[in-house]
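As a plain string of letters, each chain reads:
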Amino acid sequence: MLTASSNADRAKREAANDLSPASSKKCCRATRARNRRLAWVLVLTGCYMLAEAIGGWWTGSLALLADAGHMLTDVAALALALFAAWFSARPANSRKTYGYYRLEILAAFTNGISLALISALIIYEAYQRLLAPPEVNAAAMLAIAAGGLAINLACAWLLHGDHAHDLNVRGAWLHVIGDALGSIGALAAGALMLFRGWWAADPVFSVMISLLIVWSAWRLIREATDILLEGTPAHINLAAVEEAILETRGVTDVHDLHVWTITSGREALSAHVIHAEGVSQPELLRTLRTKLHARFGIDHLTIQMETEDFDDETFHFCHAGTSCFRSEREG
């Protein structure tokens, strides 16, 4: 009976944490499928980057050359994303106890920086062209931009869905969306030049596209930086987490509370929980794990159980009063 009970408890814990062998295999299959889609996007983007570079040089279009330059950063970003996804799958060791998950975040951060830099270069070149707009082979530019838009939309479709759950893939997806905007801008500029003879449309639309890309890059950089700084995930209210712990029967107080992101979709929590005398610590811990997972999706918890007479003020990280979150109830 004891063995059966232990096995049942273990099964419940695995189900609660979604760590069963079946779910692990499903996760691995999903990761391999995501990486295959990233590889296809890399191939498609690389091929059309060459086509746009040649087309931009032939037609004299800055918008096409800018889009080709942006695609070059995309190729590098996608290669980096694939490398990070592959390398982060390596097992943890004694020196990298969380494994290599953070490589995905570093890749996303690098992608955001590259987006901002290439946009700045495009804006500078557009300014130079606005002073003396050159004539462009608008008809050929339209045809090439239309092909680029089709490729970008196909790549965006391949990455659709994954970008919502993986910051690394989101960085690659933002590159692809930036390319699609570039192709739309090139189409609009080509049409204005072909039918209106407005040659300044090429640099003007290049600037507009670049500003949109800068906005997307800033959001990506900010989110990656928050993760690298162990910031609280944007979708989690730390005060609500604290309240959920405090309202649990047997808990009298909580301090040194932290919630952070290990990598995209994997949050962790650590806290010191003070409980009443006579409370079963294993039962209280199980209750807290179930509640925090159900309400906030937090899977990895490290909770130190304490009683009222346990004085660790000189040992925990927040003893100075300025290093950690303090709720209004402590104000």
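Structural data are supplied above this passage.
Because the structure is a prediction, the values reported are computed rather than measured.

### Re the environment of alanine 126
Okay, so step 1: Mapped onto the elements, alanine 126 comes out in helix H4 (residues 102–131).
Okay, so step 2: Here the alpha-carbon distance between alanine 126 and valine 204, two residues 78 residues apart in the chain, equals 7.0 Å.
Okay, so step 3: Once residues within four sequence positions are removed from consideration, alanine 126 is found in contact with Leu62, Pro203, Ser206 and Val207.

### A closer look at unusual backbone geometry
Okay, so step 1: Positive phi outside glycine occurs at glutamate 230, with the angle close to 60°.
Okay, so step 2: Of note, glutamate 230 is situated in the loop between helix H7 (201–228) and helix H8 (238–246).
Okay, so step 3: Exposure remark for glutamate 230: the relative accessible area of 41% places this residue in the partly exposed category.

### Re the nonpolar core
Looking at soluble globular proteins, one finds that nonpolar side chains tend to be buried together.
Okay, so step 1: Ranked by size, the top nonpolar core spans 30 residues in total, and within it Leu38, Val41, Met141, Leu159 and Met193 carry the most contacts.
Okay, so step 2: Where this core is concerned, the elements lending two or more residues are helix H2 (21–59), helix H3 (62–87), helix H5 (138–159), helix H6 (167–196) and H7.
Okay, so step 3: When residues of this core are assigned to their parent elements, the largest contribution, nine residues, is made by H5.
Okay, so step 4: The next biggest cluster of nonpolar side chains, apart from the first, holds 20 residues, and it includes Leu238, Ala244, Leu269 and Leu288.

### Looking at the side chain of glutamate 306
Okay, so step 1: When you line up the elements, glutamate 306 lands in strand S3 (residues 300–306).
Okay, so step 2: Taking relative accessible area as the criterion, glutamate 306 reaches 2% and is therefore assigned buried.
Okay, so step 3: Within the local environment of glutamate 306, its side chain forms a polar contact with the side chain of glutamine 304, the two groups lying 2.8 Å apart.

### Let's talk about the pairing of strand S2 (residues 266–275)
Okay, so step 1: Among the 10 residues that make up S2, nine are buried, leaving the element largely enclosed by the rest of the structure.
Okay, so step 2: Here strand S1 (residues 251–263) pairs with S2 via nine bridges, running antiparallel. Bridge pairing in S2 places aspartate 253 opposite isoleucine 274.
Okay, so step 3: Sheet analysis places S2 next to S3, joined by seven bridges and oriented parallel. In the strand pairing of S3, valine 273 is matched with methionine 305.
Okay, so step 4: Following the backbone out of S2, through helix H9 (residues 281–296) and into the adjacent parallel S3, one traces a crossover that is right-handed.

### Digging into the packing of H8 against H9
Okay, so step 1: At a minimum axis separation of 10 Å, H8 and H9 run at an interaxial angle of 145°. Helix-helix and strand crossings are classified by hand; for H8 and H9 the assignment is right-handed. In this structure, H8 contributes Ala240, Val241, Ala244 and Ile245 to the contact, and H9 contributes Leu288, Lys291, Leu292, Arg295 and Phe296.
Okay, so step 2: Taken together, the residues of the contact of H8 with H9 sort by class into seven nonpolar, no polar and two charged.

### Things to note about the packing of H4 against H7
Okay, so step 1: At their nearest, the axes of H4 and H7 sit 8 Å apart, and the two run at 155° to each other. The angle between H4 and H7 falls in the class roughly antiparallel. H7 is crossed by H4, and the crossing has left-handed handedness.
Okay, so step 2: Looking at the contact of H4 with H7 residue by residue, the classes come out as 23 nonpolar, six polar and three charged.

### Let's talk about the pattern of salt bridges
Okay, so step 1: Summed over the entire model, instances satisfying the criterion amount to four salt bridges.
Okay, so step 2: Notably, a salt bridge pairs arginine 295 with glutamate 247, separated by 2.7 Å at the nearest N-O pair. With arginine 295 in helix H9 and glutamate 247 in the loop between H8 and S1, this pair connects stretches of sequence that are 48 residues apart.
Okay, so step 3: Taking the relative accessible area as the measure of exposure, glutamate 247 reaches 42% and is therefore partly exposed.
Okay, so step 4: Salt-bridge contacts for arginine 286 lead to glutamate 283; the nearest nitrogen and oxygen are separated by 3.0 Å. Pair noted here: arginine 286 and glutamate 283 are both in helix H9, with a separation of three residues, about one helical turn.
Okay, so step 5: According to the relative accessible area criterion, arginine 286 is partly exposed, its value standing at 39%.
Okay, so step 6: Residue classification places glutamate 283 among the partly exposed positions, given a relative accessible area of 44%.
Okay, so step 7: Because the salt bridges share partners, they merge into one network encompassing Glu247, Lys291 and Arg295.

What counts, and where the lines are drawn
- Residues numbered from 1 in each chain as written.
- Predicted model: local features only at pLDDT ≥ 70, side-chain atom pairs only at ≥ 80, totals over all residues.
- Heavy atoms only, no water.
- Helix = DSSP H or I, 4+ residues; strand = E, 2+ residues; numbered from the N terminus.
- Contact = heavy atoms within 4.5 Å.
- Buried < 20%, exposed > 50% of the residue type's maximum accessible area, 1.4 Å probe, protein only.
- Core = buried A, V, L, I, M, F, W, Y, C linked by side-chain atoms within 4.5 Å.
- Polar contact = N/O pair within 3.5 Å; in protein donor to acceptor, adjacent residues only side chain to side chain.
- Pairing = 2+ DSSP bridges.
- Right-handed = clockwise from strand over helix to strand, strands pointing away.
- Axes fitted to C-alpha atoms, helices over the stretch in contact; angles between N-to-C directions.
- Left-handed = near helix turned anticlockwise from the far one by under 90°.
- Nonpolar A, V, L, I, M, F, W, Y, C, P; charged D, E, K, R; others polar.
- Parallel < 35°, antiparallel > 145°, perpendicular 65-115°, else oblique.
- Salt bridge = Lys/Arg side-chain N within 4 Å of Asp/Glu carboxyl O.

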